[in-house]
Structures are given as C-alpha cells and as structure tokens.
Amino acid sequence: MKYFHLLLVTAGVCCYTLAGAQRLPERLDTLPTTAGYLQQPAERAADFRPTLCGLLVPGAMLTYGLLALDNHTLRDLNYSTRKELMEEHPHFSTTVDNYLQWSPAIAVYALNALGAKGEHNFADRTLIYGTSTLIMASSVKIMKKLMHSQRPDGSNHESFPSGHTATAFAAAEFMRIEYQHKQPLLSMTGYIAAAATGALRMYNNRHWLSDIIGGAGVGIMSTQAAYALYPVIKRHLSSSREYNNTMLMPYYDPEWKTAGFKLLLISK
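Residues numbered from 1 in each chain as written. Predicted model: local features only at pLDDT ≥ 70, side-chain atom pairs only at ≥ 80, totals over all residues. Heavy atoms only, no water.

Re the packing of aromatic side chains
Two descriptors summarise a pair of aromatic rings, namely the distance from one centre to the other and the angle between the planes of the rings.
Here comes step 1: Considering all chains together, one arrives at 5 aromatic pairs under this definition.
Here comes step 2: Taken together, a centroid distance of 5.6 Å and an interplanar angle of 70 degrees make the contact between Tyr109 and Phe122 edge-to-face. Pair noted here: Tyr109 is in helix H7 (residues 103-113) and Phe122 is in helix H8 (residues 122-147), with a separation of 13 residues, a long-range link.
Here comes step 3: The exposure class assigned to Phe122 is exposed, which follows from its relative accessible area of 53%. (Phe/Tyr/Trp six-rings, centres within 6.5 Å; stacked < 30°, edge-to-face > 60°. Helix = DSSP H or I, 4+ residues; strand = E, 2+ residues; numbered from the N terminus. Buried < 20%, exposed > 50% of the residue type's maximum accessible area, 1.4 Å probe, protein only.)

Looking at the confidence of the model for the protein chain
Here comes step 1: Mean pLDDT for the protein chain: 80, with 69% of residues reaching 70 or above.
Here comes step 2: Note that residues 1-11 has pLDDT below 50 and, in this model, 12 contacts with residues that lie over four places away or in other chains.
Here comes step 3: A low-confidence stretch, residues 13-50 stays under pLDDT 50, and its non-local contacts, those more than four residues away or across chains, total 55 contacts. (pLDDT = per-residue confidence, 0-100. Contact = heavy atoms within 4.5 Å.)

Here's the deal with the environment of Gly65
Here comes step 1: Mapped onto the elements of the fold, Gly65 is located in helix H4 (residues 56-67).
Here comes step 2: The sequence separation of Gly65 and Trp208 amounts to 143 residues, and the corresponding C-alpha distance is 9.5 Å.

Some words on a nonpolar patch on the surface
Here comes step 1: Together, Leu66, Ile142, Leu146 and Met147 give the surface a local cluster of nonpolar side chains, amounting to about 370 Å² of exposed area.
Here comes step 2: Here Ile142 is to be found in helix H8. (Patch = residues over 30% accessible without salt bridge, like charges linked within 9 Å, V, L, I, M, F, W, Y side chains within 5 Å. Areas by Shrake-Rupley, 256 points an atom, 1.4 Å probe, with all protein chains shown as cover. Salt bridge = Lys/Arg side-chain N within 4 Å of Asp/Glu carboxyl O.)

Re the pattern of salt bridges
Here comes step 1: What the rule picks out here adds up to 4 salt bridges.
Here comes step 2: A salt bridge links Arg201 to Asp97, with the nearest nitrogen and oxygen atoms 2.8 Å apart. One end of the pair, Arg201, is in helix H11 (residues 189-203); the other, Asp97, is in helix H6 (residues 96-100), with 104 residues separating them in the sequence.
Here comes step 3: Between Asp124 and Lys234 there is a salt bridge, with its nearest N and O atoms 3.1 Å apart.

As for the packing of H11 against helix H12 (residues 209-239)
Here comes step 1: Closest axis-to-axis distance for the H11/H12 pair is 9 Å, and the angle between their directions is 150 degrees. Taken as axis vectors, H11 and H12 run roughly antiparallel relative to one another. The hand of the H11/H12 crossing is right-handed. Contacts between H11 and H12 involve Tyr191, Gly198, Arg201 and Met202 on the former and, on the latter, Leu209, Ile212 and Ile220.
Here comes step 2: In the contact of H11 with H12, the residues fall into 5 nonpolar, 1 polar and 1 charged. (Axes fitted to C-alpha atoms, helices over the stretch in contact; angles between N-to-C directions. Parallel < 35°, antiparallel > 145°, perpendicular 65-115°, else oblique. Left-handed = near helix turned anticlockwise from the far one by under 90°. Nonpolar A, V, L, I, M, F, W, Y, C, P; charged D, E, K, R; others polar.)

In structure tokens form, the structure reads like this:
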C-alpha cells in the first residue's frame, strides 16, 4: 500500500489525458461561425463535450486539496506521506524544482524554434500562455492568503496550494494542447516534468501531498481557462481602435516568487 495514493493521482492524470480531455479545433482563431454550428450540430457537440469532461479531473484535484485542509483522514494521509519521505531522505535538498516548473513551457518554444510547429504561432501562443500564467498566479496568491495553511517545515502559512506545482501543470497542459494533434506522444512529456516538480516540493519538505494535488488542479484549469478566453481576448484586441500596438513583457514578483507576462497596450 506504500505510495498507493500517489499511484491513484498518476492514474487519474493518465485517464484524463488518454480520454482526450480537450479536443480543440485545428486553430482557435478560426472558430466556425454560428451558421457552421447550425449546419453541423453533431460535430460541434463532439468538440466541446470532452472539454467539460476534462474539467472533472483537475476539479477533483482542487476539491481534494481543499477538503484536506479540514478532513482528518486526508490530513493524516498528508502526515504519513511526509513521515515516509523524511525517514527515507532526511537530508534531501535541491533547487531543481525552481527551474523544472518552467520546462514544459520552454519546451514548447524550443520545439517551435526547431521546426516542430504547434497549434498557434508565436504571438498567439504567448498570449495564451501569458493569460494562463496570470490566472494561475492570481488564483494561487489569493488562495494562499485565504487558506493560511502552514508549510510542513513551519516556515510560513502559505502552503496551499503549491505555486511551483500549479506553474508546472499549467505549462504541461499548455504543451499538451499545443501538440496533442501533431505530436500526441510528445505532448504528454510535460506532465513528467510537472509530476517531478510536485514530488520535489514534497521531498524538500515545502508542501503537503494535498498542496501538490490541489496545485496541479489549479494549473490545469488555468490553462484550460486561457484557451477558452483566447478567442474573446484576441477578438477584443483586434477590434480595439484605441491602441495600434501591443507588447507582451515578462515579469517576476520577488515577494511571491512568481513570474509571467504582462500585456502592454501602446496608444497611438
């Protein structure tokens, strides 16, 4: 039964991805018109039905993390998991997780640079990933303040959810969606880095198991929300007459140790 709960989480993610959690059109900026929906209702229903199903697994992950804050059984599972990890690796310490969390997103840009094209061009995928990062970072920051959960090492009360894990899974979902049609096996590799990031956060004694599971749910849903909002955001930017140029700039918040992109609107 050792680490059985970790196997359940892994199996859940695998079921989510293998079931085709999201079947997107070839390009989101070429969504069909209303007439297209009326002419082919069955095909359009197939496009959106998996998206709703795909929310179940990350939603269940977040729910698990929230329940573990007050549920004695789930909290005991947190304690027993930490005890096993500390007994087997009492002096473990690494900073790899600080960099590994970004690796799936970096891989998307590297693969495109090497000629393996994804679903979107540079500008569009940057807009999507920037939106995802903004949603994820804001959600994590708000929940950390509201939940006030103490870290395993007692350093502060910002344990739930894991920001590193949320960042990693948001990036992994970004990579999966960008390559799910053209490179289906390659699209899944980001989840390996994301799972490793979550595991290292526990080995570093910085997070409980429920923090990792909840953070994974936040990350996946943030990216799904970004893809859902992308057509609306792009349409709004395209139709705006008040600005003649836009620029995406990276940012880093040293207080919360979070990074992302800011959209700058340059007026005429």
